[in-house]
Amino acid sequence: MMTYCFYAHKKGKAYRCVLWLIGFTFFVSGFASAQNKKKVTAENDSLKMALNYQDSLLHRAKKSDTSINSLLDKIEYYTASYNQINGVLSKGIDTNTISDGLPRMERGIRIVRETVNNNDKSSTLRYLYAVRDILTRIEDRLEDWQDKLSQRNARLVKTQARISEFKRDPTLNFIPSESILQKQYLQQLSNLNSKFAKLESINRTKLLNLGLLQNRVVQNYIRVNDYKNQINDILNKFAERSISKEYPYIWQAKPADYPNSFAVAWAATVAMNHRLLSYFIISNWTIHLSGILFLAAFFYWVYRSLKKIRESNTESGIILKKADFVPAHPFISSLLVASIITLFFYDHPPAIFVEIIMFVMLVCTGILIKTFWPKNLYQYWLPVIVLTSVYDVSNLFIKVSYADRITVSILSVSCLIIGFSFMKSLKKSGLVLPGAYFLLLRVFMAMQLISLLLNFAGRFSIAKMLGYTALSGLWETVSLYVFVRIVMEAIFLQLESGKTSDETPSYFDYATLKTRMQNVLNVVAVIFWLIWVAQNFNIIDFLVDLSTGLLSQEHTIGDTKFTFGNVLLFIIIIWIASALSKTITYFFEFADQHAVSATRKNKLSSSILLVKLSIFGSGFLLAIIASSVPIEKINIIIGALSVGIGFGLQTIVNNLVSGVILAFEKPVQIGDIIEVGGHSGAIREMGIRASKIATADGSEIIIPNGDLLSQHLINWTLSNNNRRVELIVGVAYGSELDKVRKLLYHLVMDREYIMKTPAPMVLIHNFSDNSVDFRILFWVEDLTKWLELKSRLMSDIYETFYLEKIEIPFPQRDVHLYYPEGKPEK
C-alpha cells in the first residue's frame with residue numbers, strides 16, 4: 001500500500017511537471033508571438049505614420065506649378081542641414097569635465113559648510129582665511145563652468161531653431177503638379193520629416209540634461225557666494241575681536257577657559273588639513289606637474305653645464321671654485337629655486353601646502369650654507385628648523401587651546417634667546433656684513449618681544465601671527481640670498497661651458513651681466529619677501545584690492561579722464577622698450593667687436609640707430625594703445641609741441657631730426673674715426689639726440705647730432721681704413737743722395753702693414769738751411785696702427801743712417817762775444 005502510494009505520488013508529480021512544461025512552452029511561444037506582433041505593430045505604426053503624414057500632406061498641400069527643381073532644392077537643402085545637425089549632435093556636448101568635477105567641488109562645499117555652521121570663538125584666523133580661499137577658487141571654477149554651459153546651451157538653442165525652420169517652412173506645403181513626381185517627392189519629404197523628428201527628440205533631451213546641470217551649477221554658485229559672505233562677516237568680527245582682549249591674561253588663564261582641549265583641537269586640525277590638502281592636490285595637478293617640469297629643466301640645465309665644463313675644460317677645478325652652491329649640490333640648488341618659483345604658480349594655496357614647500361626651502365638652504373657659513377654661526381640653523389617646525393604646526397591649528405597658547409609663548413622666548421646669542425656670535429666672528437643684516441635681526445627680536453607681550457595680554461591671534469612672521473621672514477631672507485646666488489652661478493656656469501677651446505668669447509660678458517642682472521634679481525627677491533610677509537599677515541588680498549582700486553579709479557583733469565593704471569602701463573611699456581633697445585645694442589656691438597672680418601657695410605652696429613628708432617616708435621605707439629590714450633589728445637600734444645618748437649625746442653628737435661637723417665644716410669657709423677669741430681676720435685655710441693666720441697687720450701665727447709650734419713666732418717673710415725703717412729727726413733749736405741733714397745725706399749718697402757699699392761714714394765723735398773730733406777709717402781692698411789708704424793720706421797732709419805755713416809744734421813749757431821774796452825776777458 002505504501003509502495004502504491006509512493007508510486008502514485010511520483011506519478012502525480014510527473015504529470016504536474018509535464019503540465020508545467022506544456023504551460024511554460026505555450027507562455028514562451030505566446031510571449032515571442034506577442035513580441036513579434038509588437039514589432040510588426042511598431043513597424044506598421046511607423047508605416048502608418050508615414051502614410052498618414054503623406055495623406056495629411058496631400059489634403060493640406062496645394063498643387064503648384066512651381067518648378068520641381070525648386071522643390072528638390074529645398075529637399076536637398078534640408079537634407080544637408082539634417083546631416084550637419086546630426087553631426088553636431090552625434091559628437092555630443094562635452095560636459096564630462098563638469099559632471100566629473102562637480103561632485104568633488106560639492107565635497108569641498110560641505111567642508112566649508114561645517115565651518116560656517118559650527119563656527120565658534122576658538123576658530124583661528126589662518127583657518128578662516130584658508131576656508132575663504134577655497135571658496136574663492138570654487139567660485140572662480142563655477143563661474144567658468146557657467147560660461148561654458150551657457151555657450152553649449154546657446155548652440156543647442158540654435159540647433160533647435162534650425163529644426164523648427166524645417167517644420168515651419170511654408171514651401172514644403174506645396175507638392176509638384178505632376179502626378180508622376182508626387183509619390184517620389186512625398187516619400188522623400190516623409191523620410192526627412194521622421195529624421196528631423198528624431199533630431200528634435202535628441203536635442204530636447206540634451207537641452208533638458210544641460211538645463212539640469214546648469215541648475216545644479218547655479219545652485220552651488222549661490223551657496224558658495226552665501227558661504228563666502230558669511231565667512232567675510234566672521235573675519236570682520238574676528239578682526240575686531242583680535243584687537244580687543246580675546247582671552248584672559250596668561251597668568252590668569254586656565255584650560256577651562258578654552259572650549260577645546262588640545263586633543264580635540266589636534267584631531268580637528270589633522271582632519272581638516274588632510275581634507276584641504278587632498279582637495280588642493282587633486283584640483284591643481286596641472287600646476288604640480290608644471291612645478292616638477294620646472295625643477296627637471298633647471299636641474300638639467302645646471303647639470304649639463306657642469307658636465308660640459310668638467311669634460312672640455314682643463315681648468316675646470318679653478319672655474320668651479322668660483323661658484324659656492326651649484327657645483328657642490330646641483331639638485332638641492334635646483335630644488336630650492338624650483339620651490340621658490342613654483343610657489344607663485346598657485347592661487348591661494350592652503351596653509352599646509354605652503355608650509356610644506358617652505359620647510360623644503362628651509363632644509364635646502366641649511367644644506368647649501370653648511371660649507372659657506374662659519375661653524376659658530378651655522379650651529380644656530382638647526383634650532384631655527386626646530387622652532388619653525390613647531391610654529392608651522394601651531395599655525396595650522398583650526399581651534400585655539402590652552403596648550404597652543406603656552407607653546408607660542410615658549411617659542412617667542414626661545415626666539416629671543418637665539419636671536420641675542422646669534423647676534424653676539426656674529427659680532428665676534430669678524431664678518432663684515434651690511435648694516436641691513438643687523439637691522440633685520442633687531443626687527444626680528446623686536447617682533448618676537450611684541451608677540452610675547454601681546455600673548456601675555458590675551459591678544460593671542462595677533463601674537464601668533466607676529467611671531468610666525470618674524471621667524472619665517474628671517475630665514476626666508478637667507479633663502480632668497482642663496483636663491484640669487486644660485487641663479488647667478490647657473491648663468492656663470494652656462495657662459496663658461498659655452499666657451500670653446502680657442503677662447504672664442506660668448507655673447508655675454510659675465511662681469512657686465514652680473515652687475516646688471518644681480519640688481520634685477522635683488523629687486524625680485526625683495527618683492528618675493530614682501531609678498532610672503534603680506535601673506536603671513538593675511539593682508540595680501542587687502543593690498544591687491546587696494547592697489548587694484550587705486551589703479552583702476554578714474555580721475556579727471558579738465559576734459560581728460562585717466563587712471564593711474566593706464567599711466568603705470570604707459571611707463572612700463574616705455575621702460576621695456578628702452579631695456580629692449582639697450583639689449584639689442586649690446587648684442588650688435590659685441591658681435592662687431594669679435595667679428596673675424598667685418599666691412600663697414602656688414603657691421604651690425606650700423607643699424608643700431610634705426611633699431612632704436614623702430615623700438616622706441618613701436619613702444620610709444622603700443623603704450624598709447626595699451627593705456628587707452630584718446631587720439632584727439634595726441635593731436636593736442638602734437639600741437640603743443642609745435643608751439644614749443646617755435647619757441648624753445650628748436651635745438652632739441654633739430655638734433656632729433658638730424659639723428660633720423662644720420663640713421664638713413666649713414667655718413668658716420670659706430671667705430672668710424674672722425675674729426676669734427678676741432679675734436680677727433682672714434683664714434684662709440686649713436687643716440688637719437690646726440691652721439692658719443694672716444695678720443696685718443698681717453699676722454700669722451702658728447703656731440704649733438706645736429707653738429708655732425710651742420711659742421712665740416714672728416715671721416716677717415718668712410719670708404720676704407722687706409723691712411724697716407726708723410727715723413728720728412730733730412731741728411732747733411734755732401735751725403736750721397738741716391739744711396740740715401742735707396743736706403744729709405746727699402747726700409748719702407750720691407751715693412752709690414754705698409755701697402756704695396758699704391759706704392760710708397762721717396763722724394764727729395766727741400767734744400768733747407770742745414771739739410772737736404774727727403775719726403776717719404778706711404779699708405780697704411782689700418783689707420784689705427786699708423787702712429788706705431790711711423791715710430792718704428794723712424795727708429796730703423798736712425799739706426800740705418802748710423803751704420804751707414806750718414807749724418808742727420810741739426811741746427812747750429814755760432815755765438816761771437818764782443819767785450820767793451822777796458823774790461824778784460826775772463
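Quantities reported herein were computed from a predicted structural model and do not represent experimental measurements. (Residues numbered from 1 in each chain as written. Predicted model: local features only at pLDDT ≥ 70, side-chain atom pairs only at ≥ 80, totals over all residues. Heavy atoms only, no water.)

Caption draft 1: Here's a closer look at the overall build of the protein chain. When helices and strands are counted, the protein chain shows 24 helices and 12 strands. Scored against the burial criterion, the 826 residues of the protein chain give a buried share of 37%. For the protein chain, contacts bridging at least 24 residues in sequence account for 77% of all contacts bridging at least 6. If you sum the accessible surface of the protein chain, you get close to 48900 Å²; carbon and sulfur atoms cover 61% of it. (Helix = DSSP H or I, 4+ residues; strand = E, 2+ residues; numbered from the N terminus. Buried < 20%, exposed > 50% of the residue type's maximum accessible area, 1.4 Å probe, protein only. Contact = heavy atoms within 4.5 Å. Areas by Shrake-Rupley, 256 points an atom, 1.4 Å probe, with all protein chains shown as cover.)

Caption draft 2: Geometry of a nonpolar patch on the surface. Residues Leu551, Phe564, Leu568, Ile572, Trp575 and Ile576 make up a contiguous nonpolar surface patch of about 580 Å² in total accessible area. With five residues, the single largest contributor to the nonpolar patch is helix H18 (residues 564-593). (Patch = residues over 30% accessible without salt bridge, like charges linked within 9 Å, V, L, I, M, F, W, Y side chains within 5 Å. Salt bridge = Lys/Arg side-chain N within 4 Å of Asp/Glu carboxyl O.)

Caption draft 3: Just helix H10 (residues 351-368), in detail. With 18 residues, H10 extends 26 Å between its outermost C-alpha atoms, agreeing within 8% with the 26 Å of an ideal straight helix rising 1.5 Å per residue. When you tally the buried positions in H10, you get 13 out of 18 residues, the bulk of the element. (Expected span 1.5 Å × (residues − 1).)

Caption draft 4: Spatial organisation of the confidence of the model for the protein chain. Per-residue confidence for the protein chain gives a mean pLDDT of 77, with 78% of residues at or over 70. Confidence, read as mean pLDDT per element, is least for helix H1 (residues 2-60) in the protein chain (42) and greatest for helix H9 (residues 330-342) (94). Segment residues 1-51: pLDDT under 50, and one contact once partners within four positions in sequence are set aside and those in other chains are kept. (pLDDT = per-residue confidence, 0-100.)

Caption draft 5: Local environment of a negative patch on the surface. On the surface, a cluster of negative charge is contributed by Asp140, Glu143, Asp147 and Asp347. Topologically, Asp147 is positioned in helix H4 (residues 125-167). (Lys, Arg positive; Asp, Glu negative; His and termini not counted. Charge placed at Lys NZ, Arg CZ, Asp CG, Glu CD.)

Caption draft 6: Representation of the sheet that holds strand S6 (residues 679-686) within the structure. Across the sheet, which stays open at both edges, the five strands sit in the order S8-S7-S6-S5-S9 with antiparallel pairing between neighbours. Each edge of the open sheet is held by one strand with a lone partner, namely strand S8 (700-704) and strand S9 (713-715). Neighbouring strand axes in the sheet, compared pairwise and without regard to direction, differ in orientation by 40 degrees on average. (Pairing = 2+ DSSP bridges. Axes fitted to C-alpha atoms, helices over the stretch in contact; angles between N-to-C directions.)

Caption draft 7: Broad picture of the pattern of salt bridges. Across all of its chains, the model carries 11 salt bridges by this definition. Residue Lys228 is joined to Glu139 by a salt bridge in which the shortest nitrogen-to-oxygen separation is 2.9 Å. Residue Lys228 is found in helix H5 (residues 179-243), and its partner Glu139 is found in helix H4; the two are separated by 89 residues along the sequence. Of the two residues, Lys228 and Glu139, both sit in the buried class. Ionic pairing is found between Arg741 and Asp738, a salt bridge with its closest N-O pair at 3.3 Å.

Caption draft 8: Examining the packing of H10 against helix H15 (residues 460-498) more closely. Where H10 contacts H15, the two axes come as close as 10 Å, and the packing angle between them is 55 degrees. The angle between H10 and H15 places the two elements in the oblique class. Seen along the crossing, H10 lies across H15 with a hand that is left-handed. On H15, the residues that touch Glu355, Met358, Met361, Leu362, Thr365 and Leu368 of H10 are Tyr468, Trp475, Glu476, Val478, Ser479, Val482 and Ile486. (Parallel < 35°, antiparallel > 145°, perpendicular 65-115°, else oblique. Left-handed = near helix turned anticlockwise from the far one by under 90°.)

Caption draft 9: Inspection of the packing of helix H23 (residues 737-749) against helix H24 (residues 786-803) at higher detail. Two numbers describe how H23 lies on H24: the axes approach to 11 Å, and their chain directions differ by 140 degrees. Taken as axis vectors, H23 and H24 run oblique relative to one another. H24 is crossed by H23, and the crossing has right-handed handedness. In this structure, H23 uses Val740, Leu743, Leu744, Leu747 and Val748 to contact H24, whose residues at the interface are Leu793, Asp796, Ile797, Thr800 and Phe801. Residues that form the contact of H23 with H24 fall into these classes: eight nonpolar, one polar and one charged. (Nonpolar A, V, L, I, M, F, W, Y, C, P; charged D, E, K, R; others polar.)

Caption draft 10: Quick look at the packing of aromatic side chains. Applying the stated criterion across every chain yields a total of 19 aromatic pairs. On the basis of an interplanar angle of 20 degrees and a centroid distance of 6.4 Å, the ring pair of Phe262 and Trp266 is categorised as stacked. One end of the pair, Phe262, and the other, Trp266, are both in helix H6 (residues 262-283), four residues apart, so they sit about a helical turn from each other. Here Arg723 stacks its cationic end above the ring of Trp786, 4.1 Å away from the centre of that ring. (Phe/Tyr/Trp six-rings, centres within 6.5 Å; stacked < 30°, edge-to-face > 60°. Lys NZ or Arg CZ within 6 Å of the ring centre and 35° of its normal.)

Caption draft 11: Representation of the environment of Val482. As for its placement among the helices and strands, Val482 is situated in helix H15. According to the relative accessible area criterion, Val482 is buried, its value standing at 1%. Measuring from C-alpha to C-alpha, the distance between Val482 and Cys364 comes to 9.9 Å, with 118 residues separating the pair along the chain.

Caption draft 12: The arrangement of the nonpolar core in detail. Ranked by internal contacts, the top residues of the largest apolar core, which has 70 residues, are Leu336, Ile340, Met361 and Ile486. With 19 residues, the single largest contributor to this core is H15. Leave out the neighbours within four places in its chain, and Ile486 touches Phe298, Phe325, Val326, Ser333, Leu336, Val337 and Leu368. Counting 42 residues, the second largest nonpolar core, distinct from the first, contains Leu89, Val112, Leu210 and Val224. (Core = buried A, V, L, I, M, F, W, Y, C linked by side-chain atoms within 4.5 Å.)

Caption draft 13: Inspection of unusual backbone geometry at higher detail. The omega torsion across Thr757 and Pro758 is -5 degrees, close enough to zero to call that bond cis. Structurally, Pro758 is set in the loop between H23 and strand S11 (761-767). Positive phi outside glycine occurs at Lys805, with the angle close to 60 degrees. Looking at where Lys805 falls in the secondary structure, it is placed in the segment after H24.

Caption draft 14: Main features of the sheet that holds S11. Within the open sheet, the three strands sit side by side as S10-S12-S11. Their pairing is antiparallel. Edge positions in the sheet fall to strand S10 (723-731) and S11, since each of these pairs with one other strand and no more. On average, adjacent strands in this sheet sit at an angle of 25 degrees to one another, irrespective of strand direction. The pairing of S11 with strand S12 (residues 772-780) spans six bridges and is classified as antiparallel. The residue of S12 that forms the bridge with Met761 is Leu777. Against the sheet, H23 makes contact with S10, S11 and S12, and its axis sits at roughly 20 degrees relative to S12, the strand it touches most.

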